[in-house]
Amino acid sequence: MNDGLNLDWGVAINSLPILMSGIKWTIIITIVGLLFGFFIGALMGLARTSKSKLIYALGTVYVEAIRGTPILVQAVYLYFGVNQILLQTMGFKIEPIPAGIIAISINSGAYIAEIVRGSIQSIHKGQVEAGRSLGLSKFKTFYFIVWPQAFKRMIPPLGNQFIISLKDTSLFSVIAVGELLRQGQLVVSSTFAAFEIYTFVAVLYLFMTLSISGVLRYVERRLDVS
Amino acid sequence: MIIKVENLHKYFGELEVLKGIDLEIAEQEVVCVIGPSGSGKSTFLRCINLLEDITSGRVIVDGYDLTDPKTNINKVRTEVGMVFQQFNLFPHMTVMQNITLAPIQERKIPKQQAQKDALELLDKVGLRDKVNVYPDNLSGGQMQRVAIARALAMNPKVMLFDEPTSALDPELVGEVLAVMKDLAREGMTMVVVTHEMGFAREVADRVIFMDEGIIMEENTPEEIFKNPRHERTKAFLGKIL
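Here the structure is a predicted model, which means the values were calculated and not measured. Each chain has its residues counted from 1, running along the sequence as written. Whichever chain is written first becomes A and whichever ligand is written first becomes 1, with later ones labelled in order. Side-chain atom pairs in this predicted model are given and counted only at pLDDT of 80 or more, local residue features only at pLDDT of at least 70, and totals for whole chains, interfaces and linings cover all residues. Excluding hydrogens and water, the side-chain figures rest on all heavy atoms present in the structure.

## Observations concerning the overall build of chain A
We apply this condition: By definition, any uninterrupted DSSP run of H or I lasting at least four residues is a helix, any uninterrupted run of E lasting at least two residues is a strand, and each is numbered from the N terminus. The globule rule is 2.2 Å times the number of residues to the power 0.38, and the radius of gyration it is compared with is taken over C-alpha atoms. Residue burial is assigned from relative accessible area. The probe radius is 1.4 Å, only protein chains are included, and a residue is buried under 20% of its type maximum, exposed over 50%, and partly exposed in between. Any two residues having at least one pair of non-hydrogen atoms within 4.5 Å are treated as being in contact. Each accessible area is a Shrake-Rupley result for a 1.4 Å probe, and residues are judged covered by the shown protein chains and nothing else.
Scanning chain A from N- to C-terminus turns up nine helices and zero strands. For chain A, the α and β elements follow one another from N to C terminus as α-α-α-α-α-α-α-α-α. A compact globule built from 226 residues should have a C-alpha radius of gyration of about 17 Å, whereas chain A, at 22 Å, is more than 25% larger. When the backbone C-alpha atoms are referred to their principal axes, chain A occupies close to 80 × 50 × 30 Å. Here chain A holds 226 residues, and 43% of them are scored as buried. By sequence separation, contacts in chain A at least 24 residues apart represent 76% of the contacts at least 6 residues apart. Put simply, chain A shows about 12,300 Å² of open surface, and 69% of that area lies on carbon and sulfur atoms.

## What about the interface of chain A and chain B?
Worth spelling out the cut-off: By definition, the buried area sums, over both parts, the 1.4 Å-probe accessible area that each loses when the two are put together. Polarity classes work like this: nonpolar for Ala, Val, Leu, Ile, Met, Phe, Trp, Tyr, Cys and Pro, charged for Asp, Glu, Lys and Arg, and polar for all others, with Gly in that last group.
Facing the 17 residues of chain A at the interface are 23 residues of chain B. In this assembly, chain A packs against chain B so that about 1,700 Å² is buried in total across both faces, 58% of it on carbon and sulfur atoms. Counting only elements with at least two residues in the side of chain A that touches chain B, the list comes to α6 (125-133) and α7 (138-168) of chain A. Broken down by element, the side of chain A that touches chain B gets its largest block of residues, seven residues, from α6(A). For the side of chain A that touches chain B, the per-class residue count stands at six nonpolar, eight polar and three charged.

## Section: the confidence of the model for chain B
Defined as follows: On a scale of 0 to 100, pLDDT captures the predictor's confidence in every residue.
Per-chain confidence: chain B averages 95 in pLDDT, with 100% of residues scoring 70 or above. Reported for the predicted complex are a pTM of 0.89 and an ipTM of 0.94.

## Things to note about the state of the cysteines
Residues and elements named next belong to chain B. Put simply, the rule is: Cysteine sulfurs are considered disulfide-paired once they come within 2.5 Å of each other.
A complete count under the given rule lists zero disulfides over all chains for this structure. Of all cysteine sulfurs in the structure, the one in C47 sits closest to C32, which takes part in no disulfide; the separation is 19 Å. The buried category is assigned to C47, whose relative accessible area is 0%.

## Examining a nonpolar patch on the surface
Residue and element names in this part refer to chain A. Defined as follows: Patch membership needs two things, relative accessible area over 30% and no salt bridge, and members are linked within 9 Å if like-charged or within 5 Å if nonpolar (Val, Leu, Ile, Met, Phe, Trp, Tyr). Take a side-chain nitrogen of Lys or Arg and a carboxyl oxygen of Asp or Glu: if they are within 4 Å of each other, that pair is a salt bridge.
Judged by side-chain polarity, L5, L7, W9 and F195 come together as a nonpolar surface patch covering roughly 450 Å² of accessible area. Within the secondary structure layout, L5 lies in the segment before α1 (9-14). Given a relative accessible area of 80%, L5 falls into the exposed group.

## Observations regarding α6(A)
Counting buried residues in α6(A) gives seven out of nine residues, a clear majority hidden from the surface. Listed as buried for α6(A) are A:G126, A:Q127, A:E129, A:A130, A:G131, A:R132 and A:S133. Those residues of α6(A) that are buried are in contact with α7 of chain A together with α1 (41-47), α2 (73-78), β6 (80-83) and α5 (140-152) of chain B. Positive phi shows up at A:G135, right after α6(A), with a value of about 100°.

## Here we look at the sheet that holds strand β9 (residues 206-211) of chain B
Residue and element names in this part refer to chain B. Our working definition: Think of it this way: DSSP has to see at least two bridges between two strands before they count as a pair. The axes used here are C-alpha line fits, helices contributing only the stretch in contact, and every angle between their N-to-C directions lies in the interval 0 to 180 degrees.
The strand order β6-β7-β8-β3-β9-β10 describes an open sheet built from six strands, whose pairing is mixed. Each of the sheet's edge strands pairs with one partner strand only, and the pair in question is β6 and β10 (214-219). Recorded for the sheet is a direction-independent mean angle of 20° between the axes of neighbouring strands. Both strand β3 (residues 30-34) and β9 contribute to a ladder of four bridges, which runs parallel. Bridge assignment links C32 to a residue of β9, and that residue is V207.

## Digging into the sheet that holds strand β1 (residues 3-12) of chain B
Residue and element names in this part refer to chain B. In spatial order, the strands read β2-β1-β4-β5; together these four strands make up an open sheet with antiparallel pairing. Edge positions in the open sheet fall to β2 (15-25) and β5 (64-65), since each of these has one partner strand only. Where β1 and strand β4 (residues 56-61) come together, five bridges link them in antiparallel fashion. Looking at β4, one finds that E6 is bridged to R58.

## What about the environment of B:G198?
The topology assignment puts B:G198 in helix α7 (residues 197-203). Taking the C-alpha atoms as reference points, B:G198 and B:P221, 23 residues apart in sequence, are found 9.9 Å from one another.

## Description of the pattern of salt bridges
By the definition in use, this model includes 26 salt bridges over all chains. Of the charged contacts, one joins A:E114 and A:R67 as a salt bridge, the two residues approaching to 3.8 Å between their closest N and O atoms. Of the two residues, A:E114 is situated in helix α5 (residues 96-122) and A:R67 in helix α3 (residues 53-67); the sequence distance between them amounts to 47 residues. Across the pair B:R128 and B:D123 runs a salt bridge whose closest N-O atoms are separated by 3.0 Å. Each member of the salt-bridge network shares a partner with another, and the members are A:R48, A:E64, A:R67, A:E114 and A:R117.

## A short note on the packing of helix α4 (residues 71-89) of chain A against α5(A)
Residue and element names in this part refer to chain A. Using the following cut-off: Between 65 and 115 degrees an angle is taken as roughly perpendicular, under 35 as roughly parallel, over 145 as roughly antiparallel, and anywhere else as oblique. Crossings are sorted by hand: turned counterclockwise from the far helix by less than a right angle, the near helix makes the crossing left-handed, and turned clockwise it makes it right-handed.
Between α4 and α5, the shortest axis-to-axis distance is 10 Å and the interhelical angle comes to 135°. Considering their axes alone, α4 and α5 lie oblique with respect to each other. For the crossing formed where α4 meets α5, the hand is right-handed. Here α4 contributes I71, Q74, A75, L78 and Y79 to the contact with α5, which in turn contributes P96, A99, I102, A103, I104 and N107.

This is the structure in structure tokens:
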């Protein structure tokens, strides 16, 4: 008994404005989250190259704790768990979108810390010796000599992290962030056109990630990083 | 005496690499350090600008005691140029930027003046036309000559050379040695760790033979090459000449 496929792509097209508002938040959360994530990652990555055992341990605990737990758990922990404590003690809670941004920042920060650490440690120690032997301080040697070379090596893995974090924002649909997947779910719940809408949602994610890949390839070619 | 080394010991973990070095080097003197690999000659050189920390003993450079924790080592290093076996040019900077970075940052020389000085140094090493080139586009010999210019840009009182020609193709060694000979002729104080016996013989005021972490023998190049006194020196020279 088969009535044949009954697909209604018109519904999907009509829902585009709603999906677009989801895309907007997906992009905002990703970009703002990664900016903070890079800041956290740079500090923690540097901590992981430190000779001070305490600072090294700080960076290591952070990286291991965040890498060792799923981002979905981190988001739920923050939005439902931490918020419960905040409500009881301070009388306020973190709203979904800030919670999403915080989750991306903290999560990507751990991976970026490893990217930063690896890139810095890949710079030949002769570079540091050359800088120091010219009389440059530790800081100036790092700032003028190590960091620019290391940063160039960070670009490909950072681009990769960009794509991963963008996809990770879809998990925030469970904490009511109005990002792309969440908006898709809302449309489906009122139209029941699950196949059509989720096809659109998937294609839109793919469109975003492929765009990032394209930009990345261009930047890598320009900077000649291999 | 611009360099004074007293009873210098250096350990890497349990391994004693330098077993009590005593040496004085006068201004304008050119000292070549020779010896088999693993004899500690590079480590010794690197102690003179504290690229290796000193386990015990004293190293005094230009009046500064390097083993005194109060000594500002960055200040001392501006007076001691160093040239490395692997050149260690900064690959993300042009030749000009390589040379002017430290003078601008540490000597506080205005950028224009630093660039003018850099061009003069590049004339001296015969590479003025490479001023805007990145190190990747230079040959090994050219890289090492830029590295020498970079060290000279700080107007150092002493130049240290750590096997400056060992990483070069044979046909490129001459151009680097020629620059070093000019430098010696101008009266630069130089300490050169090298396997180039011809250079040592021609340019050095004094040759030091190191083996197993001590100075086995030191003398004028004529004496050390013609009449080596120590058995070890004879054996080493016998193998290498």
